Amino acid sequence: MRTAYLLLAAILINCVAWAQIPLIQTDASHAVIMDYDTGVVLFEKNGSEAMIPASMTKMMTAHVVFDRLANGEISLSDKFVTSERAWSEGGWGSGGSTMGLAIGDSPTVEELLRGVIVLSGNDACIVLAEGLSGSEEAFADEMTALAQNLGLSSASFENSTGLDADGHRISAIDLARLARIQIQQFPDYYAFYNERSYEWRGISQPNRNPLLGRIEGVDGLKTGHLSVSGYGLTASADQNGERRIIVLNGMASEASRAQEAERLMRLAFSAFEKRTLGPEDGAIADIDVWVGTVRQVSVGLSETVDISGHKRAFAGAVAEVVYDGPVNAPVSAGEQIGELIVTLDGQEPVRVPLVALADVSRLGFIGRVAEGLNRLMATDSSQ
């Protein structure tokens, strides 16, 4: 395996020296900024660490319902009956977030979704769980199974509400991924997250998302709070055709959550940018060829790729061309023979296939013998 280190100054990197300090700092115990289009994590603090999500759990509760709706198993007009358990554990007397259901109420799935998403109602969650799976425990198992199938490997759910329970965990990165999946797969149902209030039995309650109506383009998602986890939020915004997702948790108060969420969302757009590499950039590097009619072949990109990152991180970006070499001739133009790996501070490397930009024929027998002798002599002289 060979590696070539490149300085892609004209394409990617501004030659500016910056002090080695964290690009973003936050008081949140867990935080993530994700680019929606690429799914790239632009910033994270303890982002992969499984944490207590509190009511941000309800994003997964809603996702199970969205999935059932999309599969035609249920409809928005279906009704479920409010049980005594749903009322006692999630009603007004429970002291937690509630839709305000009474025993025997038969709200529709659509009404319950608004109760879950807009009002963060624990009672609405339990009614949906019992109606769809027979029990909240069975529904929680389904939540975990579906999350794992979606690639959210940190997810483990014990209930539908997010109330504290041993082993009830998911990482901030996986919450951001879940938000991205919902926006992609269920745009119509995602619109529930943007509703500013909802009324049940004559009582109107506001959406708890502090960024709705405060930051341009914010249209979701969900707050969370428990004494053991602090105040958290998963939120998304679309500005000028670009979307970002943020997650934070562990804030000390409702006010500090709102302030820090606003700061991180503004940074998500102002501090980050995309730079584009593509075939029009021409040759990225020259790769050695074995027994070819030429000793090297130029490689470049076959398709356009966006590299997203903090504006200051591009100054220290490292670009590597990695390939198994020398490459054996013949080589065909368009054949993948290497990989470009771009690494920016604080992010996972971006890996892009590199293809040959020209054909290289294989030497004839005499030429191959001569090439072998030349390389052998070069090896001997180096020793």
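Residues numbered from 1 in each chain as written. Predicted model: local features only at pLDDT ≥ 70, side-chain atom pairs only at ≥ 80, totals over all residues. Heavy atoms only, no water.

1. So, the side chain of His168
When you line up the elements, His168 lands in the loop between helix H5 (136-149) and strand E5 (170-171). Residue contacts for His168: discarding those within four places in its chain leaves Met51, Ile52, Pro53, Thr57, Ser156, Phe157, Glu158, Asn159 and Gly162. (Helix = DSSP H or I, 4+ residues; strand = E, 2+ residues; numbered from the N terminus. Contact = heavy atoms within 4.5 Å.)

2. As for the packing of helix H4 (residues 122-133) against H5
Between H4 and H5, the shortest axis-to-axis distance is 8 Å and the interhelical angle comes to 85 degrees. When the interaxial angle is binned, H4 and H5 end up roughly perpendicular. Two secondary-structure elements touch here, H4 through Ile126, Ala129, Glu130, Leu132 and Ser133 and H5 through Glu136, Ala138, Phe139 and Glu142. Residue composition of the contact of H4 with H5, by class: five nonpolar, one polar and three charged. (Axes fitted to C-alpha atoms, helices over the stretch in contact; angles between N-to-C directions. Parallel < 35°, antiparallel > 145°, perpendicular 65-115°, else oblique. Nonpolar A, V, L, I, M, F, W, Y, C, P; charged D, E, K, R; others polar.)

3. What about the pairing of strand E12 (residues 285-290)?
Side chains of E12 alternate between two faces, with Ala285, Ile287 and Val289 buried and Asp286, Asp288 and Trp290 left unburied. Here four bridges tie E12 to strand E13 (residues 296-300), and the two strands are oriented antiparallel to one another. Looking across to E13, one finds that Ile287 is bridged to Val297. Here E12 runs beside strand E16 (residues 327-328); their pairing, made up of two bridges, is parallel. By the bridge assignment for E16, Trp290 is matched with Asn328. (Buried < 20%, exposed > 50% of the residue type's maximum accessible area, 1.4 Å probe, protein only. Pairing = 2+ DSSP bridges.)

4. Comments concerning a negative patch on the surface
Together, Asp141, Glu158, Asp164 and Asp166 make up a region of like negative charge exposed at the surface. Mapped onto the elements, Asp164 comes out in the loop between H5 and E5. Its relative accessible area of 46% is what places Asp164 among the partly exposed residues. (Patch = residues over 30% accessible without salt bridge, like charges linked within 9 Å, V, L, I, M, F, W, Y side chains within 5 Å. Areas by Shrake-Rupley, 256 points an atom, 1.4 Å probe, with all protein chains shown as cover. Salt bridge = Lys/Arg side-chain N within 4 Å of Asp/Glu carboxyl O. Lys, Arg positive; Asp, Glu negative; His and termini not counted. Charge placed at Lys NZ, Arg CZ, Asp CG, Glu CD.)

5. Description of the packing of aromatic side chains
Within the structure shown, the criterion is met by four aromatic pairs. An angle of 55 degrees between the planes, with centres 5.6 Å apart, marks the rings of Phe66 and Phe186 as tilted. Residue Phe66 is found in helix H1 (residues 58-70), and its partner Phe186 is found in the loop between helix H6 (172-185) and helix H7 (187-190); the two are separated by 120 residues along the sequence. Overall, Phe66 belongs to the buried group, its relative accessible area being 0%. By relative accessible area, which is 7% here, Phe186 ends up buried. Taking 5.3 Å as the distance between ring centres and 20 degrees as the angle between the ring planes, the aromatic pair formed by Phe66 and Tyr189 counts as stacked. In this pair, Phe66 sits in helix H1 while Tyr189 sits in helix H7, placing the two residues 123 residues apart along the sequence. Three or more aromatic residues joined by ring pairs form one cluster here, namely Phe66, Phe186 and Tyr189. In this structure, Arg243 is placed above the aromatic ring of Tyr36, and the distance from its NZ or CZ to the ring centre is 5.8 Å. When the ring centre of Phe314 is taken as origin, the NZ or CZ atom of Arg275, which lies over that ring, is 4.2 Å away. (Phe/Tyr/Trp six-rings, centres within 6.5 Å; stacked < 30°, edge-to-face > 60°. Lys NZ or Arg CZ within 6 Å of the ring centre and 35° of its normal.)

6. Concerning the pairing of strand E8 (residues 218-226)
Sheet faces and side chains relate simply in a regular strand, where the side chains alternate between the two faces. A large share of E8 lies buried, amounting to eight of its nine residues. In this structure, E8 lies alongside strand E9 (residues 230-239), joined through eight bridges in antiparallel fashion. Bridging across to E9, His225 finds its partner in Tyr231. Between E8 and E9, which follow one another and run antiparallel, lie three residues.

7. Some points on unusual backbone geometry
The general pattern is negative phi for most residues beyond glycine and trans for most peptide bonds. For the bond running from Gly220 to Leu221, omega is 15 degrees, close enough to zero to count as cis. Each neighbour pair has its own omega, and for Ala329 with Pro330 the value is 5 degrees, a cis peptide bond. For Pro330, the position within the fold is in the loop between E16 and strand E17 (336-343). One non-glycine residue, Ala54, lies in positive phi territory at about 50 degrees. The topology assignment puts Ala54 in the loop between strand E4 (50-51) and H1. One non-glycine residue, Arg201, adopts positive backbone phi at about 55 degrees. With respect to the helices, strands and loops of the structure, Arg201 is situated in the loop between strand E6 (197-200) and strand E7 (203-206).

8. Quick notes on the sheet that holds strand E10 (residues 242-251)
The strand order across the open sheet built from five strands is E3-E2-E10-E9-E8, with neighbouring strands paired in antiparallel fashion. The open sheet has two free edges, formed respectively by strand E3 (41-45) and E8, since each of these has just one partner strand. Put simply, the sheet's adjacent strands are angled 5 degrees from each other on average, direction ignored. Against the sheet, H6 engages strand E2 (30-35), E3, E8, E9 and E10, with an angle of about 35 degrees to E2.

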